[in-house]
Amino acid sequence: MKVTVVGAGAVGASCAEYIAMKDFAAEVVLVDIKEGFAEGKAMDLMQTASLNGFDTKITGTTGDYSKTAGSKVAVITSGIPRKPGMTREELIGINAGIVKEVTENLVKHSPNVIIIVVSNPMDTMAYLVHKTSGLPKNQIIGMGGALDSARFKYRLAEALECPISDVDGMVIAAHSDTGMLPLMSKATRNGVPVTEFLDEAKQDHVAEETKVGGATLTKLLGTSAWYAPGAAVSVMVQSILCDHKKMIPCSLMLDGEYGESDICLGVPAIIGKNGVERIVEISLTDAEKEKFATAAKAVREVNGDLKF
Ligand code: NAI
């Protein structure tokens, strides 16, 4: 099973590393536009194989998409990341052109590929891939909720002063500072609602810290984060290649689910060998429904800036 990762930058290389470390794919092909960069990253990663004990083959290419032929999954991480103070939405101008061109190249060589979109503004980039790739909608998955939920769990564990493995929780709606919707009403510590442990002020604090999780790291690092994004993608790729059928919040094209259509937004879904096996519709409180609709409105406005 071959996996292509386009963009051998911070997120792409991290993603390739986690996929290799988990040793479930036969081959990872890294593609970048920068001469020699993907080849260099691939060679460096391959030299960790004997140290870390994996057999996944990692190769790199400067834009030769024939090397990606027959990929089961392709991850698009190519494009510019945000700098401190920037929103994800400000990246649209440059990234839309890159994502469109990369998608065309991927589909040309792997007509049945499942694409995971990472480049920002991710919900809009996923929508762009839907509109331009010609792939069935179950084969296009935006990565946002997997990462945002991991950040939510980190903040919950911090507030609860407990191990992260004790907590569970999910973030849906948009992958943006304002449009994320951490589902506090459904978050648990070992099956007990966290609302039993955290007062409203603490719940609000956790939700706010989760929503600005990416911006907090961008401020600290000078660019956007890569370890958790790479790990989040690797979990999604593994669920597809190993047909784990994990329930993961992903940005998916909606057709009436959650009251929205013709838009990609984060919703829970079963991810397996066909990509999106099923969108899961869960009950939301009235306040959550309202926030979901507000997030949809904002994403729709950004989508309006796309030129196909
Ligand atoms: P980076 O700058 O480290 O890497 C991007 C790579 O893409 C560079 O190596 C660049 O040469 C390459 N590239 C640019 N145009 C290309 C093309 N046409 N073909 C092939 N490669 C090309 O950036 P980083 O930090 O890896 O972020 C990548 C993207 O992922 C950004 O848009 C960032 O905002 C987004 N991101 C999304 C997350 C999410 O949760 N959805 C989380 C973290 C980052």
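Residues numbered from 1 in each chain as written. Predicted model: local features only at pLDDT ≥ 70, side-chain atom pairs only at ≥ 80, totals over all residues. Heavy atoms only, no water.

Under the annotation held in an unreviewed UniProt entry, the protein carries the name Malate dehydrogenase and is attributed to Kaistella antarctica. Of the protein, the UniProt comment under Function (unreviewed entry) reads exactly: "Catalyzes the reversible oxidation of malate to oxaloacetate." (UniProt positions renumbered as here; feature names shortened; annotations may be inferred.)

## Quick notes on the UniProt feature "domain: Lactate/malate dehydrogenase N-terminal" (unreviewed entry) in the protein
Summarizing the sequence annotation, UniProt attributes the feature "domain: Lactate/malate dehydrogenase N-terminal" (unreviewed entry) to residues 1–142 in the numbering used throughout. For the annotated span residues 1–142, helix accounts for 40% and strand for 20% of the residues, and the straight-line distance between the end C-alpha atoms is 21 Å. (Helix = DSSP H or I, 4+ residues; strand = E, 2+ residues; numbered from the N terminus.)

## Some details on the site of the ligand
Taken together, 29 residues sit near the ligand, with Ala10, Val11, Asp32, Ile80 and Met143 positioned nearest. One nitrogen or oxygen atom from the side chain of Asp32 is found 2.6 Å from an oxygen atom belonging to the ligand. Calculation on the ligand without its partners gives an accessible area of 860 Å², and the protein chains cover 89% of this total. Mapped onto the shell around the ligand, the elements with two or more residues apiece are helix H1 (10–22) and helix H4 (92–109). Among the elements that take part in the shell around the ligand, H4 stands out by supplying four residues, more than any other. Of the residues in the shell around the ligand, the class split is 16 nonpolar, ten polar and three charged. Each of domain 1 (2–143) and domain 2 (145–305) contributes no fewer than three residues to the shell around the ligand. (Near = heavy atom within 4 Å. Polar contact = N/O pair within 3.5 Å; in protein donor to acceptor, adjacent residues only side chain to side chain. Areas by Shrake-Rupley, 256 points an atom, 1.4 Å probe, with all protein chains shown as cover. Nonpolar A, V, L, I, M, F, W, Y, C, P; charged D, E, K, R; others polar. Domains from an automatic or database assignment.)

## Focus on the nonpolar core
Ranked by size, the top nonpolar core spans 56 residues in total, and within it Leu30, Val73, Val75, Ile116, Ile141, Val237 and Phe292 carry the most contacts. When residues in this core are grouped by element, the largest group, six residues, is from helix H9 (residues 227–241). Counting contributing residues, this core receives three or more from each of domain 1 (2–143) and domain 2 (145–305). When near neighbours in sequence (up to four residues on either side) are disregarded, Val75 contacts Thr4, Val5, Val6, Cys15, Ile116, Val118, Val233 and Val237. (Core = buried A, V, L, I, M, F, W, Y, C linked by side-chain atoms within 4.5 Å. Buried < 20%, exposed > 50% of the residue type's maximum accessible area, 1.4 Å probe, protein only. Contact = heavy atoms within 4.5 Å.)

## Thoughts on H1
Under the 1.5 Å per step criterion, the end-to-end length of H1 is 19 Å for 13 residues, consistent within 8% with the ideal 18 Å. All of the buried residues in H1 are Val11, Gly12, Ala13, Ser14, Cys15, Ala16, Ile19 and Ala20. Taken together, the buried residues of H1 touch strand S1 (2–6), strand S2 (27–32), helix H2 (37–46), strand S3 (57–62), strand S4 (73–76) and H9. (Expected span 1.5 Å × (residues − 1).)

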